[in-house]
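Given next are the chains, with one letter for each unit.
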Amino acid sequence: MGASELGAVAVLSDVHGVLPVLEAVLDEPDVRAADAVVVTGDHAAGPQPVAVLDRLRALGDRAVLVRGNADRELVAHARDGSGPAPDPVTPWAAAQLRPSDVALLAGLPHPVELRVRGFGRVVACHGTPRDDEEVVLVDSSLERWAEVLGGLDDDVTTVLCGHTHMPFVRLVDRRLVVNPGSVGMPYGRAGGSWALLRDGQVELRHTAVDVDAAVAAVAAGSAYPDARAWADEYLRSAASDADALRVFGPRDGREARPAGGDVEGQSSS
């Protein structure tokens, strides 16, 4: 898909194994009409890993799936139990994966390049193009951005990223950076965050959901022992964007902020 120019592109990220919110976002008219649905990593590390992967597979050739750090971690756990376990759901989710799921996640590329009408060359990644768990934020310094984007060709106009679960659009020395936010674990606002690239314009979008119903659906659709508590915490966005920025800020190299702990128990995104 990367060789041909795409028209409208829907950008999602950080589904984290949450099917009902993913379904709500995929049902948006502009997502259904998009030429491609780009999902910038961390697809299945959550309470409904297999169901989410099956739903993404059902998109067929329209789906452009990028590897995230949590996808690597799931593969490592599924294969030999190694790798970090940032939270209890990660090893549990890894144990649910079928061999075809492990193969899918293991084969995901990072980064991915696309050509999008009105944008030209677009690079999709998870953390940054060079590292799937590197942290950059809307208020990261221009020096930090220059460092993490320094390996890109000059004619790459746009970078799509994820990882920090907070939506933003900003210019970085003439290059556009878009983080659509998170579908399954949003910080700051309940519901599914995503973005739309169309005709040279970027729109941050938000899909409202019945959170009570979504929590109940996750609890009913998952065998994870703590599925309801997990969904209560993350689907309701118990951690605000301010909480998340305080934790993630020190990870982008800044020195002005003291290091913090996990965001509501989530040590990595």
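Residues numbered from 1 in each chain as written. Predicted model: local features only at pLDDT ≥ 70, side-chain atom pairs only at ≥ 80, totals over all residues. Heavy atoms only, no water.

### A short note on the sheet that holds strand β11 (residues 201–207)
Then comes step 1: An order of β4-β3-β2-β10-β11 is seen for the 5 strands of this open sheet, with the pairing classed as mixed. Each having just a single partner strand, β4 (63–65) and β11 make up the two edges of the open sheet. Across the sheet, the mean angle from the axis of one strand to that of its neighbour is 25 degrees, orientation sign disregarded. (Pairing = 2+ DSSP bridges. Helix = DSSP H or I, 4+ residues; strand = E, 2+ residues; numbered from the N terminus. Axes fitted to C-alpha atoms, helices over the stretch in contact; angles between N-to-C directions.)

### Comments concerning unusual backbone geometry
The phi torsion of most residues other than glycine is negative, and most of the peptide bonds are trans.
Then comes step 1: Following H110, the chain continues to P111 via a peptide bond in cis, the omega torsion being -5 degrees.
Then comes step 2: Residue position: P111 is located in the loop between α6 (99–106) and β5 (112–116).
Then comes step 3: Look at H16: it is not a glycine, yet its phi comes out positive at around 50 degrees.
Then comes step 4: Tracing the sequence through the fold places H16 in the loop between β2 (9–12) and α1 (19–26).

### Points about the nonpolar core
Then comes step 1: Among the nonpolar cores identified, the biggest contains 53 residues, and L12, L22, L74, W230 and L235 are the most heavily contacted of them.
Then comes step 2: In this view, L12 contacts L22, V25, L26, V37, V38, V39, T40, P180, V183 and W194; residues no more than four positions away in its chain are not counted.
Then comes step 3: One finds L6, V9, V11 and L160 within the second-largest nonpolar core, a separate group that totals 18 residues. (Core = buried A, V, L, I, M, F, W, Y, C linked by side-chain atoms within 4.5 Å. Buried < 20%, exposed > 50% of the residue type's maximum accessible area, 1.4 Å probe, protein only. Contact = heavy atoms within 4.5 Å.)

### Some words on the sheet that holds strand β9 (residues 175–179)
Then comes step 1: With mixed pairing, the 6 strands of this open sheet are ordered in space as β1-β5-β6-β7-β9-β8. Of all strands in the sheet, those bounded by a partner on one side alone are β1 (5–6) and β8 (168–172).
Then comes step 2: Two elements, strand β7 (residues 156–160) and β9, share 3 bridges in a ladder whose sense is parallel. Paired with T158 across the two strands is L176, which belongs to β9.

### Observations concerning the pairing of β11
Then comes step 1: Of the pairings in the sheet, the one linking strand β10 (residues 192–198) to β11 comprises 7 bridges and is antiparallel in character. From the neighbouring strand, G192 faces β11, where its bridge partner is T207.
Then comes step 2: In sequence, β10 turns back onto β11 through a hairpin of 2 residues, with D199 there showing a positive phi of about 55 degrees.

### Quick notes on the pattern of salt bridges
Then comes step 1: The full count for this structure, using the stated rule, is 26 salt bridges.
Then comes step 2: A salt bridge links R117 to E5; the nearest nitrogen and oxygen atoms lie 4.0 Å apart. Placement of the pair is R117 in the loop between β5 and β6 (120–124) and E5 in strand β1, with a sequence separation of 112 residues.
Then comes step 3: A salt bridge links D101 to R98, with the nearest nitrogen and oxygen atoms 2.9 Å apart.
Then comes step 4: Its relative accessible area of 32% is what places R98 among the partly exposed residues.
Then comes step 5: A network of salt bridges, in which partner residues are shared, links D30, R198, E203 and R205. (Salt bridge = Lys/Arg side-chain N within 4 Å of Asp/Glu carboxyl O.)

### Considerations on the packing of aromatic side chains
By convention here, two paired aromatic rings are described through the distance between centres and the angle between planes.
Then comes step 1: Scanning all chains against the criterion turns up 4 aromatic pairs.
Then comes step 2: When the ring of Y187 is compared with that of F248, the centres are 6.2 Å apart and the planes differ by 35 degrees; the resulting orientation is tilted. Within this pair, whereas Y187 is found in the loop between β9 and β10, its partner F248 is found in helix α10 (residues 241–248), the two being separated by 61 residues in sequence. (Phe/Tyr/Trp six-rings, centres within 6.5 Å; stacked < 30°, edge-to-face > 60°.)

### Re the packing of helix α3 (residues 49–57) against α6
Helix-helix packing is described using two parameters, namely the angle between the two axes and the distance between the axes.
Then comes step 1: Close contact between α3 and α6 brings their axes to 11 Å; oriented N to C, the two are set at 65 degrees. The interaxial crossing formed by α3 with α6 has left-handed handedness. Contacts between α3 and α6 involve V50, L53 and R57 from the first element and S100, D101, L104 and L105 from the second.
Then comes step 2: Here the contact of α3 with α6 is composed, by residue class, of 4 nonpolar, 1 polar and 2 charged. (Left-handed = near helix turned anticlockwise from the far one by under 90°. Nonpolar A, V, L, I, M, F, W, Y, C, P; charged D, E, K, R; others polar.)

Fair warning: the whole summary comes from geometry, so function is off the table for now.
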